[in-house]
2 protein chains.
Amino acid sequence: MRITVLAGGIGAARFLRGLLAAAPEATITVIGNTADDITLSGLRVCPDLDSVMYTLGGGSNEEQGWGRAGESFRIRDELAAYGAGPSWFALGDLDFATHILRSQLLAEGRPLSEVTRILCDRWQPGIRLLPMSDDRVETQVKIDSGLIHFQEWWVRLHAAVPAEAIIPVGADAAAPGPGVLEAIAEADFVLFPPSNPVVSIGPILAVPGIRAAVEAKTVVGVSGIIGGAPVRGMADACLTAIGVETTAAAVAAHYGAGLIDGWLIDEQDKAAVEKALDDDPALFGIAVRALPLYMRDVPSSAAIAQAAIDLAKELTP
Amino acid sequence: MRITVLAGGIGAARFLRGLLAAAPEATITVIGNTADDITLSGLRVCPDLDSVMYTLGGGSNEEQGWGRAGESFRIRDELAAYGAGPSWFALGDLDFATHILRSQLLAEGRPLSEVTRILCDRWQPGIRLLPMSDDRVETQVKIDSGLIHFQEWWVRLHAAVPAEAIIPVGADAAAPGPGVLEAIAEADFVLFPPSNPVVSIGPILAVPGIRAAVEAKTVVGVSGIIGGAPVRGMADACLTAIGVETTAAAVAAHYGAGLIDGWLIDEQDKAAVEKALDDDPALFGIAVRALPLYMRDVPSSAAIAQAAIDLAKELTP
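All of the points below concern the structure found in this document. (Residues numbered from 1 in each chain as written. Chains lettered and ligands numbered in written order. Predicted model: local features only at pLDDT ≥ 70, side-chain atom pairs only at ≥ 80, totals over all residues. Heavy atoms only, no water.)

Remarks on the interface of chain B and chain A
Working step 1: Facing the 27 residues of chain B at the interface are 27 residues of chain A.
Working step 2: With both chains or domains summed, chain B and chain A bury close to 2,300 Å², and 64% of this area falls on carbon and sulfur atoms.
Working step 3: Contact with chain A buries area across many residues of chain B, yet R74, Y82 and R122 of chain B alone supply 31% of it, more than any other trio.
Working step 4: The tally of links from chain B across to chain A stands at four salt bridges.
Working step 5: Connecting chain B to chain A are twelve residue pairs in polar contact (both at pLDDT 80 or more). (Contact = heavy atoms within 4.5 Å. Buried area = accessible area lost by both parts, 1.4 Å probe. Salt bridge = Lys/Arg side-chain N within 4 Å of Asp/Glu carboxyl O. Polar contact = N/O pair within 3.5 Å; in protein donor to acceptor, adjacent residues only side chain to side chain.)

Take a look at the structure:
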């Protein structure tokens, strides 16, 4: 079984851990969002790729949900003593090592896809991790005072300043990374984890060629919205910016029946989604299944992944 | 009183600490060797500048003699887990922060002199630290198998492989850093700490314009050779490479009476140097003073610095 997954950061990483438990025999390719990558202290940081790599490689901080286990912050404190470094983005010492090596390899002229493979050689995440593109794509958020990097809006401003628009700058000129289109074409089906539809899945689909490749496959998505609120993160602020309601049904309609074939929702959203299925033409043709969607641990994540696999198999001609 | 000092790393840093204690009212400018700078893990490391900055700023590891106090090595271990990073050059986590910030500032297009000023803003070393040049100069060592970076010969090979030549590559095309020639011209006198004459003082003097500026001043040097051996480091291997004996007299003759006016030697070398003064024309005109030259602590370093000041004043017309 070949499964290809479009992935943001932590939500995707937890879903993938469940997927690996549910389908240990599957060949899983993960196409990672790189549009929230950022250069900090002169080093290239890829939060989504690293969240997947660390989590599946057994190196993540489970309590915190991001970053490395056993992390320390001596470099951050040193940079602060120099009056330097972003105070709003805390990179740990262990994490810094990853960014130092990545930046060194990129400066040597290696594409991000090759660098990611080198980093994954250590972590052995059990999946093949492909950046969506080797070209630079950067999500920028339009706020009252102008355009800012997504991370600045998300982390520094806690997404509390209203976004007028969210733009994956550079996506239209980016090429899919090596192996990306092939991984989609060769997959038995494609899964969307409960990642942010606007700033995680959105930029991947915005790279020319990827959306069309995904549309040609059976796709099952997992709602990241439960009971009208994002399970984690501030996806509601992103959805509002693009005029989409923060409901499981509205996110499914945003993807649309042309893209997704199946949609997993939480049981508490069942009545609302069933009503929407009758009313909203954008949902016609999407098979919906309701189940408990909170990923509390590996077994609960594996149950969700198994449901996604089952629905994808059911929907595959 | 204006004193300008040509400086290598640790020996110079300890001498400078003595000089600050002996002459707290003096305006001291330090022209630092940058020819043993190296790029490691993609980051620019300036060992001599940092040794001076950390030591005078109170941040050095006193027992070890180099690096930062309270240092840890988590990043080195992480890089090793990735199969990366030079195993032969141990950069600590706190030290890494300096190199990260320096590299970021250099990448922004700032010259090393400005970057050094920014780093020193934190450390307040009590002296003005000027890189000898903003241009890249790199000491390379010719060994049997070819040219290698000085640090590779010094640190990785422990200078145990015979050097056929030691070459400050790029020095002939380098320009003195901003303020360097002025600091020499405006000084009441110039001091050479007991730094390595071949790879610390030598590259500074090899930058066009610096030697002539120094020759025009009263110069007092401190021998780094005591009893036929370097006090620390492996200066003998460097001296052998350029055909100079490892004696206090031979190093003075290497600098020559055209460059230095006074020379401080250890008491145990007094008889040998006095004999050489009668025999070697290169020493004619150099005023020699013998005193205890081991820099055990700040008072012993201050006594040496005071003797250098006294001799320089005596020799200044």
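That shown, we press on.
Thoughts on the pattern of salt bridges
Close approach of charged atoms lets side chains of opposite charge pair.
Working step 1: Counting across every chain of the model gives 24 salt bridges over all chains.
Working step 2: The salt bridge partner of E114 of chain A is R110 of chain A, with a shortest N-O separation of 2.9 Å.
Working step 3: The class for E114 of chain A is partly exposed, based on a relative accessible area of 23%.
Working step 4: Each of the salt bridges in this network shares a partner with another, and the network as a whole consists of R68 and R122 of chain A together with E78 of chain B. (Buried < 20%, exposed > 50% of the residue type's maximum accessible area, 1.4 Å probe, protein only.)

Here's the deal with the nonpolar core
Working step 1: L19, L191 and L264 of chain A together with L19, L191 and L264 of chain B are the most contacted members of the largest nonpolar core, which totals 114 residues.
Working step 2: Setting aside its immediate chain neighbours within four residues, L191 of chain A contacts I3, T4, V5, L6, F15, L19, V220, A308 and A312 of chain A.
Working step 3: Listed in part, the 56 residues of the second largest apolar core include A171, A183, A249 and I265 of chain A. (Core = buried A, V, L, I, M, F, W, Y, C linked by side-chain atoms within 4.5 Å.)

Brief notes about the sheet that holds strand 8 (residues 165-169) of chain A
All names here are of chain A.
Working step 1: Read from one edge to the other, the open sheet built from three strands follows the order 7-6-8, with strand pairing classed as antiparallel. Looking at strand neighbours, the two that pair on one side only are strand 7 (146-149) and strand 8, the edges of this open sheet. When strand polarity is set aside, the average angle formed by the axes of neighbouring strands in this sheet is 30 degrees.
Working step 2: The sheet contact formed by strand 6 (residues 138-143) and strand 7 spans four bridges and is antiparallel. Within the sheet, the bridge partner assigned to K142 lies in strand 7 and is L147.
Working step 3: Of the strands in this sheet, strand 6 and strand 8 touch helix 8 (residues 197-206), which is tilted by about 45 degrees from strand 8. (Pairing = 2+ DSSP bridges. Helix = DSSP H or I, 4+ residues; strand = E, 2+ residues; numbered from the N terminus. Axes fitted to C-alpha atoms, helices over the stretch in contact; angles between N-to-C directions.)

Observations concerning the sheet that holds strand 13 (residues 262-266) of chain B
All names here are of chain B.
Working step 1: Strand order in the open sheet made by the seven strands is 5-2-1-9-10-13-14, with parallel pairing throughout. Edge positions in the open sheet fall to strand 5 (128-131) and strand 14 (287-291), since each of these has one partner strand only. When strand polarity is set aside, the average angle formed by the axes of neighbouring strands in this sheet is 20 degrees.
Working step 2: Pairing geometry for strand 9 (residues 189-192) and strand 10 (residues 219-222), over three bridges, is parallel. Residue V190 lies in a different strand from strand 10, and its bridge partner there is V219.

Describing the relation of the copies chain B and chain A
Working step 1: Overlaying chain B with chain A gives an RMSD of 0.0 Å, the required rotation being 180 degrees about an axis along which the chain moves by 0.0 Å. Viewed as a symmetry operation, the transformation between the two copies matches a two-fold axis. Residue D93 of chain B of chain B places its C-alpha closer to the rotation axis than any other residue of that unit, at 3.7 Å.
Working step 2: Taken together, the interface assignments show that 100% of the residues at the interface of chain B recur at the interface of chain A, consistent with an identical surface on both copies. (Least-squares fit on C-alpha atoms with pLDDT ≥ 70 in both.)

Thoughts on the packing of helix 2 (residues 47-56) of chain B against helix 5 (residues 112-123) of chain B
Residue and element names in this part refer to chain B.
Working step 1: In contact at an axis separation of 10 Å, helix 2 and helix 5 are set at 20 degrees when each is read in the N-to-C sense. By the angle between their axes, helix 2 is roughly parallel relative to helix 5. For the element pair helix 2 and helix 5, the recorded crossing hand is right-handed. Only L112, T116, L119, C120 and W123 of helix 5 make contact with helix 2, whose side of the interface consists of L49, M53 and Y54.
Working step 2: Broken down by class, the residue content of the contact of helix 2 with helix 5 amounts to seven nonpolar, one polar and no charged. (Parallel < 35°, antiparallel > 145°, perpendicular 65-115°, else oblique. Left-handed = near helix turned anticlockwise from the far one by under 90°. Nonpolar A, V, L, I, M, F, W, Y, C, P; charged D, E, K, R; others polar.)

Some details on the side chain of D50 of chain B
Working step 1: Tracing the chain through its elements places D50 of chain B in helix 2.
Working step 2: Beyond its immediate sequence surroundings of up to four residues, D50 of chain B is in contact with T55, D95, T98, H99 and R102 of chain B.

Thoughts on the environment of R68 of chain A
Working step 1: Position of R68 of chain A relative to the elements: it lies in the loop between helix 2 (47-56) and helix 3 (74-81).
Working step 2: The class for R68 of chain A is buried, based on a relative accessible area of 6%.
Working step 3: In sequence terms R68 of chain A and E164 of chain A are 96 residues apart; their C-alpha atoms lie 33 Å from each other.
Working step 4: Discounting chain neighbours no more than four positions away, the residues touching R68 of chain A are Y54, G59, S60, N61, L94, D95, R122 and W123 of chain A together with E78 of chain B.
Working step 5: Reaching out from R68 of chain A, the side chain makes a polar contact with the backbone oxygen of G59 of chain A at a distance of 3.3 Å.
Working step 6: Polar contacts involving the side chain of R68 of chain A include one to the side chain of E78 of chain B, which spans 2.8 Å.

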